[in-house]
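# Architecture at a glance
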Amino acid sequence: MTIDPRTPVLVGAGQMVQRTDNLDDALDPVAMMVEAIRRATTDAGLASVPKADAIRVVSLLSWKYGNPARFIADDLGLSPRETGLSAMGGNTPQTLVNAAAREILAGECDLVILAGGETTRTRARMRKAGIEPDWRYTDDAPVLVSEDLVMNMPEERDRQIVMPIQIYPLFETALRARAGRSVADHQVHISELWSRFSQVAATNPYAWTQRAFTDEEIRTPT
């Protein structure tokens, strides 16, 4: 069996999590993404971050850089021909992977760096302390590398059902009804699922909450 030499592969992956309580030591999202990319470089067995055709970033909520991929490139000493930014949406990380894979397969790119990072906890602590971060911003426009979709039906928008916290319960209720479970039975079913998830997270150094919860703890409001 011959494998197409343009078959896209993941050559390295890197993660980091920031837990510091000292705001003076807190990294901004770009610095976190740069560190994750360096860890991915080590994971790939490389001595330095390789030249990339593109650096693409998942759109951020905790700070608006304008073009965060440009700052990542500058900090890593890279000169990609494209610095991209996704649209908003929980599907965008996978969308960026799909797009990069298609372009590599088509011979349009050889190497693409994908990154994402948030500092929601740090920003909340800064706001509570009355601190405005002096993080960077540029008017250098990124390439939009995913489509900005209107993800709500007119019937939902008419009823002001637009936020995930409003929409996901509708999904959950529909799944429960399709499965033929009562509300109480579904709570048990879901709490058992999330209990197993938490057992995995308890052993993951990058999970934010590293504690295993029982199913009863999860389904009991506190």
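The following paragraphs examine the structure supplied in this document. Please read all numbers here as calculations on a predicted model, not as lab measurements.

Attention now goes to the overall build of the protein. A tally of regular secondary structure across the protein gives 8 helices and 4 strands. Overall, the protein shows an N-to-C arrangement of helices and strands of α-β-α-β-α-β-α-β-α-α-α-α. Along the longest, intermediate and shortest principal axes, the C-alpha atoms of the protein span 55 × 55 × 40 Å. Among the 222 residues that make up the protein, the fraction classed as buried is 33%. Here the contacts in the protein between residues at least 6 apart in sequence split such that 73% fall between residues at least 24 apart.

With that settled, the discussion passes to the pattern of salt bridges. Overall, the coordinates contain 12 salt bridges when judged by the stated rule. With its nearest N and O atoms 3.1 Å apart, the salt bridge here joins Arg 81 to Asp 53. Pair noted here: Arg 81 is in the loop between helix 2 (68–76) and strand 2 (82–85) and Asp 53 is in the loop between helix 1 (29–43) and strand 1 (54–57), with a separation of 28 residues, a long-range link. What makes Asp 53 buried here is its relative accessible area of 17%. Of the charged contacts, one joins Glu 82 and Arg 56 as a salt bridge, the two residues approaching to 2.6 Å between their closest N and O atoms. A residue pair is termed long-range when its members are at least 10 positions apart, and Glu 82 in strand 2 and Arg 56 in strand 1 qualify at 26 residues. One exposure class covers both Glu 82 and Arg 56, and it is buried. Each of the salt bridges in this network shares a partner with another, and the network as a whole consists of Asp 21, Arg 121 and Arg 125.

So, on to a nonpolar patch on the surface. On the surface, Val 162, Met 163 and Ile 165 cluster together into a nonpolar patch covering about 320 Å² of accessible area. Position of Met 163 relative to the elements: it lies in the loop between helix 5 (154–158) and helix 6 (164–179). Residue class for Met 163 comes out partly exposed when judged on its relative accessible area of 46%.

Spatial strand order, 3-1-2-4: 4 strands in an open sheet with parallel pairing. This sheet does not close on itself; its edge strands, each paired only once, are strand 3 (112–115) and strand 4 (143–144). For strand 2 and strand 4, the ladder comprises 2 bridges, and the chain directions are parallel. Opposite Leu 85, over in strand 4, you have Leu 144 as the bridge partner. Where helix 3 (residues 92–105) meets the sheet, it contacts strand 1 and strand 3, and its direction lies at approximately 160° from that of strand 1.

A separate point is unusual backbone geometry. Phi at Gln 160 takes a positive value of approximately 60°, unusual for a residue other than glycine. Along the chain, Gln 160 turns up in the loop between helix 5 and helix 6.

What counts and how
Residues numbered from 1 in each chain as written. Predicted model: local features only at pLDDT ≥ 70, side-chain atom pairs only at ≥ 80, totals over all residues. Heavy atoms only, no water. Helix = DSSP H or I, 4+ residues; strand = E, 2+ residues; numbered from the N terminus. Buried < 20%, exposed > 50% of the residue type's maximum accessible area, 1.4 Å probe, protein only. Contact = heavy atoms within 4.5 Å. Salt bridge = Lys/Arg side-chain N within 4 Å of Asp/Glu carboxyl O. Patch = residues over 30% accessible without salt bridge, like charges linked within 9 Å, V, L, I, M, F, W, Y side chains within 5 Å. Areas by Shrake-Rupley, 256 points an atom, 1.4 Å probe, with all protein chains shown as cover. Pairing = 2+ DSSP bridges. Axes fitted to C-alpha atoms, helices over the stretch in contact; angles between N-to-C directions.

Geometry only, nothing functional implied.
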